[in-house]
Amino acid sequence: MSIATFNFNKPKKKGNKIIAFANQKGGVGKTTNCVMFSDYLAELGLRFVLFDTDPQQSIVKKRKQEREEFPDIEIPYQVVSYLDLSSQESTMELIANMRDEDFDFVIDTPGSLAHQGSLALLTSCDALIIPFQYEKTCVNSTDSFLNVLASTCKKANKDLPPLYFLPNQINRRWGNKKELEERERLNQQYCSIGTVLPMIPAGVEMQRYSSLYITPRQTEIVKPCYNSLWESIYNEKKKAV
C-alpha cells in the first residue's frame with residue numbers, strides 16, 4: 001500500500017463534512033448507529049447523503065425493504081451504495097467528488113481494513129466515530145484498528161482524524177469494582193487521542209431502528225450521545241457563544 005498516493009490536502013468547501021462510522025469488531029453497533037445518527041441529523045434539518053460502503057449492504061437493503069413496506073413515508077435522506085474501495089485511486093476520486101459538494105456525507109464503512117481504499121477514506125474524514133463495548137475482545141480489536149490507523153497517518157505525516165469513541169449498548173449495572181476501574185482507565189486512554197461520548201445504554205429500542213424515522217423513545221435514549229457528537233462536529237457550542 002503506497003501511502004504517498006494519498007492526497008490528504010484536498011481543500012474542502014466551507015461546511016462540508018465527511019462523517020464515517022468504523023470498527024473492525026463486528027456487533028458493536030456500527031451500522032445501527034450510522035443509521036440512527038443519520039435519522040437524528042435529518043430531524044435537525046441537515047442536508048447529507050448516507051453512503052453504504054460495507055459489502056453486506058445492510059443499510060441499502062433495509063431502505064429498500066422499508067420503502068416497499070412504507071411507500072407513503074417521505075424519504076429523509078438518500079442512501080447510496082458504493083462498493084469500489086478496492087483501490088486508493090478510486091477512493092480518493094470519491095473523496096474529491098464529495099469535497100466538491102455543498103452537502104455532507106455520512107458513511108458506513110466496511111468492517112474490515114482489507115480493502116485498500118478503506119484507510120484512505122478513514123484518514124480523510126472530518127469525524128471518525130468508533131462504536132465499541134468494554135468487553136476484552138472488543139477492546140483488543142478496537143486497539144488493533146487504532147494502531148493500523150495511527151501507523152497509516154504516521155507514515156503519511158498526517159494527524160489522526162477527529163476520533164469519537166461511542167460506548168454502545170452498555171449495561172449501566174454491569175461491572176464489579178475492578179471492571180469499573182478498567183472501564184475508567186480505557187476511557188482516559190481514549191480521551192488522550194479523541195473524545196469519549198456519553199454511553200448509549202443497552203435496550204431493545206436500538207435494535208428496532210429505521211432508515212426512515214427515529215421514534216421519540218429512541219431520540220430520548222440517544223440524545224445525550226448524539227447531541228454531544230453533533231455539537232462537536234458542527235461547532236454548535238462555539239456558534240452559540
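Since the structure is predicted, the reported quantities are computational estimates derived from the model, not experimental observations.

Within strand E5 (residues 127-132), six of the six residues are buried, which leaves it mostly tucked inside the rest of the structure. The side-chain alternation of E5 yields two buried faces, one formed by Ala127, Ile129 and Pro131 and the other by Leu128, Ile130 and Phe132. Sheet topology note: the strand E1 (residues 18-21)/E5 ladder contains three bridges and is parallel. Pairing of phenylalanine 21 across the sheet is with isoleucine 129, part of E5. The β-α-β motif built from E5, the intervening helix H5 (residues 136-155) and the parallel element strand E6 (residues 163-170) has right-handed crossover chirality.

On to H5. End to end, H5 covers 29 Å across 20 residues, agreeing with the expected 28 Å (1.5 Å per residue, within 8%). Here H5 has its buried residues at Cys138, Val139, Ser141, Thr142, Phe145, Leu146, Leu149, Thr152 and Cys153. The arc that holds the buried residues of H5, viewed along the axis, is 165°, so those residues lie on one side. When the buried face of H5 is taken as reference, the exposed residues oriented beyond 90 degrees from it are Lys136, Thr137, Asn147, Lys154 and Lys155. Tucked inside the fold, the buried residues of H5 contact helix H4 (118-122), E5, E6 and helix H6 (177-191). Taking the backbone nitrogen of threonine 137 as reference, a side-chain oxygen 2.9 Å away marks glutamate 135 as the first, capping residue of H5. Residue asparagine 157 follows H5 closely and has a positive phi angle near 55°.

What follows concerns helix H1 (residues 30-43). Counted at 1.5 Å a residue, the expected span for H1 with its 14 residues is 20 Å, and the 20 Å between its end C-alpha atoms agrees. Within H1, 12 of the 14 residues are buried, which leaves it mostly tucked inside the rest of the structure. Immediately downstream of H1, the backbone of glycine 45 shows phi near 90°, a positive value.

Moving on: the confidence of the model for the chain. Averaged over every residue, the pLDDT of the chain is 89; the share at 70 or more is 91%. When the elements of the chain are averaged for pLDDT, helix H8 (residues 236-240) gives the smallest value, 53, and E1 the largest, 98. This model gives residues 1-10 a pLDDT under 50, and the stretch forms 21 contacts once residues within four places in sequence are excluded.

This part covers the packing of aromatic side chains. Applying the stated criterion across every chain yields a total of 11 aromatic pairs. Pairing phenylalanine 21 with phenylalanine 37 gives two aromatic rings, centres 6.1 Å apart and planes at 55°, and the pair type is tilted. Here the residue phenylalanine 21 occupies a position in strand E1, and phenylalanine 37 occupies one in helix H1, the gap between them amounting to 16 residues. When sorted by exposure, phenylalanine 21 lands in the same class as phenylalanine 37, which is buried. Between phenylalanine 132 and tyrosine 134, the ring centres sit 5.1 Å apart and the planes meet at 80°, which makes this aromatic pair edge-to-face. Take phenylalanine 132: its relative accessible area is 1%, and that puts it in the buried class.

Membership of the largest hydrophobic core comes to 35 residues, with the highest contact counts inside it found for Phe51, Met98, Leu122, Leu128 and Phe145. Sort the elements by how many residues they give to this core and H5 lands first, with five residues. If we skip the residues at most four places from it in the chain, phenylalanine 51 touches Val80, Tyr82, Leu94, Met98, Phe105, Val106, Ile107 and Asp108. Counting 31 residues, the second-largest nonpolar core is a separate cluster that includes Cys34, Leu50, Val106 and Ala127.

Rules behind the numbers
- Residues numbered from 1 in each chain as written.
- Predicted model: local features only at pLDDT ≥ 70, side-chain atom pairs only at ≥ 80, totals over all residues.
- Heavy atoms only, no water.
- Buried < 20%, exposed > 50% of the residue type's maximum accessible area, 1.4 Å probe, protein only.
- Helix = DSSP H or I, 4+ residues; strand = E, 2+ residues; numbered from the N terminus.
- Pairing = 2+ DSSP bridges.
- Right-handed = clockwise from strand over helix to strand, strands pointing away.
- Expected span 1.5 Å × (residues − 1).
- Arc of directions from axis to C-beta.
- Contact = heavy atoms within 4.5 Å.
- Polar contact = N/O pair within 3.5 Å; in protein donor to acceptor, adjacent residues only side chain to side chain.
- pLDDT = per-residue confidence, 0-100.
- Phe/Tyr/Trp six-rings, centres within 6.5 Å; stacked < 30°, edge-to-face > 60°.
- Core = buried A, V, L, I, M, F, W, Y, C linked by side-chain atoms within 4.5 Å.

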